[in-house]
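Commentary on secondary and tertiary structure
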Amino acid sequence: FKQGYWLDNHEVAAASCLRNSNIFKHLSEELRKDKHIISVAIQTSHHSIQNTHYFRPNTKILTWIPTQKLKQKYSALAVACNGLTLKNVSNKTNLITMEAIQQDGDALKFATNKQLNNLHFIRVAFNTTPRIINEKWFPQIDQVEMAKLQKEFKKRAEDERERWHW
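Residues numbered from 1 in each chain as written. Predicted model: local features only at pLDDT ≥ 70, side-chain atom pairs only at ≥ 80, totals over all residues. Heavy atoms only, no water.

Some points on the overall build of the protein
Counting its secondary structure elements, the protein contains 9 helices and 2 strands. Along the chain direction, N to C, the helices and strands of the protein fall in the order α-α-α-β-β-α-α-α-α-α-α. When the 166 residues of the protein are sorted by exposure, 42% land in the buried category. Restricting the contact set of the protein to residue pairs at least 6 apart, pairs at least 24 apart contribute 42%. Of the roughly 10300 Å² that the protein leaves accessible, carbon and sulfur atoms contribute 52%. (Helix = DSSP H or I, 4+ residues; strand = E, 2+ residues; numbered from the N terminus. Buried < 20%, exposed > 50% of the residue type's maximum accessible area, 1.4 Å probe, protein only. Contact = heavy atoms within 4.5 Å. Areas by Shrake-Rupley, 256 points an atom, 1.4 Å probe, with all protein chains shown as cover.)

A word on helix α3 (residues 35-43)
If you check which residues of α3 are buried, you get I37, I38, S39, V40, A41 and I42. The opening residue of α3 is D34, an N-cap whose side-chain oxygen sits 3.0 Å from the backbone nitrogen of H36. (Polar contact = N/O pair within 3.5 Å; in protein donor to acceptor, adjacent residues only side chain to side chain.)

Some words on the pattern of salt bridges
Summed over the entire model, instances satisfying the criterion amount to 9 salt bridges. Notably, a salt bridge pairs K33 with E29, separated by 3.4 Å at the nearest N-O pair. Ionic pairing is found between D106 and R131, a salt bridge with its closest N-O pair at 2.4 Å. On the criterion of sequence distance, the pair formed by D106 in the loop between α6 (94-103) and α7 (113-116) and R131 in the loop between α8 (119-128) and α9 (143-164) is long-range, its members being 25 residues apart. Judged by relative accessible area, which is 8%, D106 ranks as buried. Given the relative accessible area of 41%, R131 is considered partly exposed. (Salt bridge = Lys/Arg side-chain N within 4 Å of Asp/Glu carboxyl O.)

Structural notes on the environment of E135
Tracing the backbone through its elements, the reader meets E135 in the loop between α8 and α9. In this structure E135 comes out as partly exposed when scored by relative accessible area, which is 31%. Taking the C-alpha atoms as reference, E135 lies 9.6 Å from K109; in sequence the two are 26 residues apart.

A few points about the nonpolar core
C17, F24, L27, I37, I65, I101 and L108 are the most contacted members of the largest nonpolar core, which totals 42 residues. Broken down by secondary-structure element, the contributors of at least two residues to this core are α1 (10-19), α3, α4 (61-64), α5 (68-81), α6 and α8. Not counting residues up to four positions away in its chain, the partners in contact with F24 are C17, R32, I37, I38, A41, I61, W64 and I65. (Core = buried A, V, L, I, M, F, W, Y, C linked by side-chain atoms within 4.5 Å.)

Below you can see the structure in the form of structure tokens.
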């Protein structure tokens, strides 16, 4: 991908990011600092190299923002749009991590060790995405609590089957 002169134009750059957020990484540093363009890119889905369309916002946008201050400023918006962006957040505050796992329980795997072992974070992530209980990375918790989560997971799976079986 070669950056053309047209990507130096603010309106064209914003419209391009609105169509495919991967364009953001090809913009000039000045445009990658622009608040409007950052917001558009964070909230827009993207295309892969094979032109496969992803219907979730791009998790890599934070890595392409040129300053740490701007990365921190937009971390909350980024994880609210796609919880898996937590992977690219450098300052994983409890608030930002909670926002991420409320959006996608799988984001728990990118939490700090302290957060990953916090039962409140685990329960919120489980309530958002129950299947994470079966993931290899799911934290070890006491047997009583794990039994409760497994029972709840089975109940939800049964309810889901009943809901779709008519």
